[in-house]
Amino acid sequence: MAKQMDRRIIGDLADNGVDFITSVPCKQLAGVIEVLDQTPAIRHMPSNKEDEGMGLCAGAYMGGMRPAIFMQNTALGVVMNSLATLIQFYQIPLPMLISYRGEVGEPVACQVEMALHTKAILNQLQIPTYHFHTPGDADELPGILNHAQMCRKPVAILTDASFWRAAA
Amino acid sequence: MIRHDVLKTLIPVISDQMVVCNIGAPSQELFSLDDQPTNFYMLGTMGLASSIGFGLATAQAKPVIAIDGDGSILTNMATLATIANNPRSNFTLLIIDNGSYGSTGDQPTYAGARTSLAAVARACGCESVVEVSAKDTAGAVSAALQADEMTVIVSKCDSGNVPAPVIGMNPITIRERFMAAVAG
Ligand SMILES: [Mg+2]
């Protein structure tokens, strides 16, 4: 069941001009994906794997659309090459709304393993990274989306369990 | 006929069309044969030519031809399901299937053995899928451009490469001139 926060995130994306989103789902992103599918202004094309999604986004961008991707932090292990040799090398702006699994409140022990690497990978790739831990952090989203377009870079928005639990 | 021969026969058909070309030897050979602003050369990221081309076809109305390879399709085979389930009539996927990883020394792929990429594309839900010989490829691409239907073409050709220099063009230049051609 979608929350007000899910509607607000999709609203901010639409207001920024994002009109193409690909996703690989995560439980924490279920509400935001539900709202996405009710938003005709944004074309939602689910992908099977996140590197495929980055290819779709690169093509959509070159065709004049403004893409974004929704994914889980575990996928950072999948997309490193696509980020470095496609998105960064060709300078394609790409907001990545990432479910940050494995933080406090996580019920699945295995998720902690990739959580330990998440910020290190993003730091190594020199990707601007924003961590939404409390609902108020989402106030930054419109600015982050503008920033991605301005610098033509991928940017990571990490949304953890505390953020989603506290979000109305 | 090897890939280079197929590309040569394709030039009159694709020269002024939007083309997204696979990494390595395919892009280098196309660049040497007929460099055009309407060509997007992949300098890295094996496997994503089909996905990039399909994203481009989704975003705008001009015809798009993605030139992919058998080895690359095998690394990103699931994108055939994405393509099949969101069909775009302006999209043509040309898989040049030489049964080998051409850019890395012609090691055999499974597509050259028991795996049929045409059957995979059909099983994924692609409706118009043709498997053609190397010499019939240009005709098949020409027909696909005229048809008001998304087409997947598997072109069976021989393994082998023609020496072509590495593309020295800056990636931003490749992208910007390609985007100008798409928008123009
Ligand atoms: Mg091959």
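S.K.: Looking at this structure, how should I read the overall build of chain B?
M.R.: The number of helices and strands found in chain B is 8 helices and 8 strands. At 15 Å, chain B has a C-alpha radius of gyration in line with the 16 Å of a compact globule built from 184 residues. Along the first, second and third principal axes, the C-alpha atoms of chain B reach 40 × 35 × 30 Å. Relative to its 184 residues, chain B shows a buried fraction of 58%. When contacts within chain B are restricted to residue pairs at least 6 apart in sequence, long-range pairs at least 24 apart make up 69% of them. For chain B, the centre of its 10 positive side-chain charges and the centre of its 16 negative side-chain charges are spaced 2 Å apart.

S.K.: Sorry if this is basic, but what is going on with the environment of Ser50(B) here?
M.R.: All names here are of chain B. Tracing the chain through its elements places Ser 50 in helix α3 (residues 49–59). According to the relative accessible area criterion, Ser 50 is buried, its value standing at 1%. Spatially, the C-alpha atoms of Ser 50 and Gly 105 are 22 Å apart, while their sequence positions differ by 55 residues. Other than its neighbours up to four places away in sequence, Ser 50 contacts Ala 66, Asp 68, Ile 73, Thr 79, Ile 83, Phe 91 and Leu 93. Separated by 2.4 Å, the side chains of Ser 50 and Asp 68 make a polar contact.

S.K.: Looking at this model, I keep getting lost on the interface of chain A and chain B. Mind explaining?
M.R.: One frequent convention defines the size of an interface as the accessible area lost when the parts assemble. Counting from both sides, the interface comprises 26 residues of chain A and, opposite them, 29 residues of chain B. If you look at where chain A meets chain B, you find 0 salt bridges. Viewed at the interface, chain B and chain A are joined by 10 residue pairs in polar contact (both at pLDDT 80 or more). No other element matches the 9 residues that helix α3 (residues 50–62) of chain A contributes to the side of chain A that touches chain B.

S.K.: Help me out: how do you make sense of the sheet that holds strand β4 (residues 94–99) of chain A in this one?
M.R.: All names here are of chain A. Spatial strand order, β2-β1-β3-β4-β6-β5: 6 strands in an open sheet with parallel pairing. Single-partner strands in this sheet number two, and they are β2 (43–44) and β5 (129–132). Of the pairings in the sheet, the one linking β5 to strand β6 (residues 154–159) comprises 4 bridges and is parallel in character. Its bridge partner lying in β6, Phe 132 is registered against Thr 159. Across the sheet, α3 touches β1 (20–23), β3 (67–72) and β4, and the angle it forms with β3 is around 170 degrees.

S.K.: It is not clear to me how unusual backbone geometry should be interpreted in this structure. Could you clarify?
M.R.: A negative phi angle is the norm for most residues apart from glycine, just as the trans form is the norm for most peptide bonds. Residues and elements named next belong to chain A. With phi around 55 degrees, Gln 126 is a residue other than glycine that occupies positive phi space. With respect to the element layout, Gln 126 can be found in the loop between α5 (109–124) and β5. On the basis of relative accessibility, which here comes to 66%, the residue Gln 126 falls in the exposed class.

S.K.: How should I be thinking about the packing of aromatic side chains in this particular structure?
M.R.: We describe a pair of aromatic rings using the distance from one ring centre to the other and the angle between the two ring planes. Residues and elements named next belong to chain B. Tallied over the entire structure, the rule returns 7 aromatic pairs over all chains. Here Phe 40 and Phe 178 contribute two aromatic rings whose centre-to-centre distance is 5.6 Å and whose plane-to-plane angle is 45 degrees, an arrangement assigned as tilted. Separated by 138 residues along the polypeptide, Phe 40 in strand β2 (residues 39–41) and Phe 178 in helix α8 (residues 171–183) bring together distant segments of the chain. Take Phe 40 and Phe 178: they sit in the same class, and that class is buried.

S.K.: Which parts of the structure should I look at to understand the packing of α3(A) against helix α4 (residues 76–88) of chain A?
M.R.: To characterise two packed helices, one gives the angle between the axes of the helices and the distance between these axes. Residues and elements named next belong to chain A. Remark: α3 packs on α4, axes separated minimally by 8 Å, with the N-to-C direction vectors making an angle of 20 degrees. By the criterion of interaxial angle, the relationship of α3 to α4 is roughly parallel. With respect to the hand of their crossing, α3 and α4 are arranged in right-handed fashion. In this structure, α3 uses Glu 50, Asp 51, Met 54, Gly 55 and Ala 58 to contact α4, whose residues at the interface are Val 78, Val 79, Ser 82, Leu 83, Leu 86 and Ile 87.

Quick notes on the rules
- Residues numbered from 1 in each chain as written.
- Chains lettered and ligands numbered in written order.
- Predicted model: local features only at pLDDT ≥ 70, side-chain atom pairs only at ≥ 80, totals over all residues.
- Heavy atoms only, no water.
- Helix = DSSP H or I, 4+ residues; strand = E, 2+ residues; numbered from the N terminus.
- Rg over C-alpha atoms; globule rule 2.2 N^0.38 Å.
- Buried < 20%, exposed > 50% of the residue type's maximum accessible area, 1.4 Å probe, protein only.
- Contact = heavy atoms within 4.5 Å.
- Lys, Arg positive; Asp, Glu negative; His and termini not counted.
- Charge placed at Lys NZ, Arg CZ, Asp CG, Glu CD.
- Polar contact = N/O pair within 3.5 Å; in protein donor to acceptor, adjacent residues only side chain to side chain.
- Salt bridge = Lys/Arg side-chain N within 4 Å of Asp/Glu carboxyl O.
- Pairing = 2+ DSSP bridges.
- Axes fitted to C-alpha atoms, helices over the stretch in contact; angles between N-to-C directions.
- Phe/Tyr/Trp six-rings, centres within 6.5 Å; stacked < 30°, edge-to-face > 60°.
- Parallel < 35°, antiparallel > 145°, perpendicular 65-115°, else oblique.
- Left-handed = near helix turned anticlockwise from the far one by under 90°.

Interpretation in functional terms is not warranted from these geometric data alone.
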